[in-house]
Amino acid sequence: ELTGGVPTVAIRDLEIQRRENDLVCATFGRGFLIFDDYSPLRFVGDGALSDAAALFAVKDALQYVESSPMGGSQGDAFFSAPNPPYGATFTYYLRDRLATLQQERRTEERRRVEAGERIRYPSWDELRQEDREVDPAIVLTVSDAEGNVVRRINGPVDSGFHRVAWDLRFPATTPSQPGRSASGPMVLPGRYTVSLAKRVNGTVTHLGGARAFEVVPLNNATLPAANRAAVLDFQRSLGELQRAVLGANAVLDETLSQLRVARQGLFDTPETNEALFEQVRSLEVRLFDAQMQLTGDRTISSREEFTPPSILDRVQRVVRAQFGSTAEVTTSHRRNYEIAAAEFGPWLENLRRLIEVELEDFRGRLEDADVPWTRGQGLPRWRRME
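We now turn to the structure provided with this report. (Residues numbered from 1 in each chain as written. Predicted model: local features only at pLDDT ≥ 70, side-chain atom pairs only at ≥ 80, totals over all residues. Heavy atoms only, no water.)

What follows is about the sheet that holds strand β3 (residues 32-35). Strand order in the open sheet formed by three strands is β1-β2-β3, and the pairing between neighbours is antiparallel. Whereas interior strands pair on both sides, the edge strands pair on one side only; in this sheet they are β1 (13-17) and β3. Averaged over all neighbouring strand pairs, the angle between strand axes comes to 20 degrees, with direction disregarded. Pairing between β1 and strand β2 (residues 22-26): five bridges, direction antiparallel. Along β2, the bridge assignment pairs L14 with C25. (Pairing = 2+ DSSP bridges. Helix = DSSP H or I, 4+ residues; strand = E, 2+ residues; numbered from the N terminus. Axes fitted to C-alpha atoms, helices over the stretch in contact; angles between N-to-C directions.)

As structure tokens, then:
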């Protein structure tokens, strides 16, 4: 039985698109329904579904740059159905859901209630394990022909059939955030493999063998690069610079926030000397200057006046252009990268001395002055007062 959101309506006509292995269904009332790539069904049998999990063959993935020429919403003037997910589509089957400890306990409790048995109240240790548990996960690991891991993707953990798409890109070089899986530059065409595993209580268990597939360029680029490997090398270097620049910018923001709190802490301490007020203000001003060098002069730009490109401006502009391009790296992009890299190296070392040396010394003086603990100050000193 196939569901997947199919409405309760009679199917009047069926057609197989043999090149893509798509099953097209016509309802004559509720529109057309398309089951994309039904080929995994050829391998579904009692033997496959009796295993704990099964990863099915992967269709070769066409690589290209997606476009959205219509822009925003067109209202009732334009209609388009969603396309299949871009990239390589992985199909797998789970016989049983990967349940959390709490879900397993509640399932057992329901079984006992239905059987008329008494429910055992869990111990504090058992409840503590439930509270600290990381949810089980399905992990699809993509590797290149040399066995290097390219990307890890999480998949649904419920029982049944599931499909997850990989967008044929490396991980992003932007700061990581829980629940987000951003993407970086495109991988090179070639042979890849995907494997299926489950992660329960921190233990990773592989589920069956890996499946090989090909990433095939669509070859519809207007100005294709003669050496895609060289383009990728530049993009990887660019991504590493972006990682460092965005990370440093985040540290700057957090440090300035900590200093604002420290200034209030000094105010709340009756016996604080004026030298500490002067030091915190000096640190703030120097960090503001460093931030201006990294992200631009906000005093001028906020008044709609021109400002020269900052380090962050140059990096982000090249990233936006390069990570969606299959063409050769332009001279302008290389020049912007070189300028940003040359400016960022000395800037980062100055910031490192400011934060790791001078700021640490200031935090020690805050402890000596018994200032209320502030964020980023580290573990407080403590001595028992008799």
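Quick look at helix α2 (residues 101-114) now. Here α2 contains 14 residues, and its C-alpha end-to-end distance of 20 Å stays within 8% of the 20 Å for a straight helix at 1.5 Å per residue. Directly beyond the C-terminal end of α2, a positive phi value near 75 degrees is found at G116. (Expected span 1.5 Å × (residues − 1).)

Mapped onto the elements of the fold, Q235 is located in helix α4 (residues 228-267). A residue is classified by how much of its surface remains accessible, and Q235, at 4% relative accessible area, is buried. In contact with Q235, not counting residues within four places along its chain, are P185, M186, Q322, F323 and S325. (Buried < 20%, exposed > 50% of the residue type's maximum accessible area, 1.4 Å probe, protein only. Contact = heavy atoms within 4.5 Å.)

The biggest cluster of nonpolar side chains holds 37 residues, and the ones touching the most others in it are V245, F344, W347 and F362. Of all the elements in the fold, those that place two or more residues in this core are α4, α5 (274-295), α7 (311-322) and α8 (331-368). In terms of residues, this core owes the most to one element, α4, which gives twelve residues. Setting aside its immediate chain neighbours within four residues, F362 contacts L259, A262, L266, L276, Q279, V280 and L283. (Core = buried A, V, L, I, M, F, W, Y, C linked by side-chain atoms within 4.5 Å.)

Turning our eyes to something else, we now look at the packing of α5 against α8. Where α5 meets α8, the axes come as close as 11 Å, and the angle between the chain directions of the two elements is 160 degrees. The angle between the axes of α5 and α8 places the two elements in the roughly antiparallel class. As for the relative orientation of α5 and α8, their crossing is left-handed in sense. Across the interface between the two elements, A275, L276, Q279, V280, L283, R286, L287, A290, Q293 and L294 from α5 touch F344, W347, L351, L354, E358, L359, D361, F362 and R365 from α8. Split by residue class, the contact of α5 with α8 holds 13 nonpolar, two polar and four charged. (Parallel < 35°, antiparallel > 145°, perpendicular 65-115°, else oblique. Left-handed = near helix turned anticlockwise from the far one by under 90°. Nonpolar A, V, L, I, M, F, W, Y, C, P; charged D, E, K, R; others polar.)

Another point: the pattern of salt bridges. On inspection of all chains with the given rule, the structure shows 23 salt bridges. Among the ionic pairs, R19 bridges to E20, the shortest N-O distance being 3.0 Å. Classification of R19 by relative accessible area gives exposed; the value is 67%. For D167, the salt bridge is made with R151, and the minimal N-O distance between the two is 3.2 Å. Residue D167 is located in the loop between β9 (160-166) and β10 (169-171), and its partner R151 is located in strand β8 (residues 149-155); the two are separated by 16 residues in the primary sequence. Exposure remark for D167: the relative accessible area of 23% places this residue in the partly exposed category. (Salt bridge = Lys/Arg side-chain N within 4 Å of Asp/Glu carboxyl O.)

So far we have only geometry, and geometry alone does not tell us how the molecule works.
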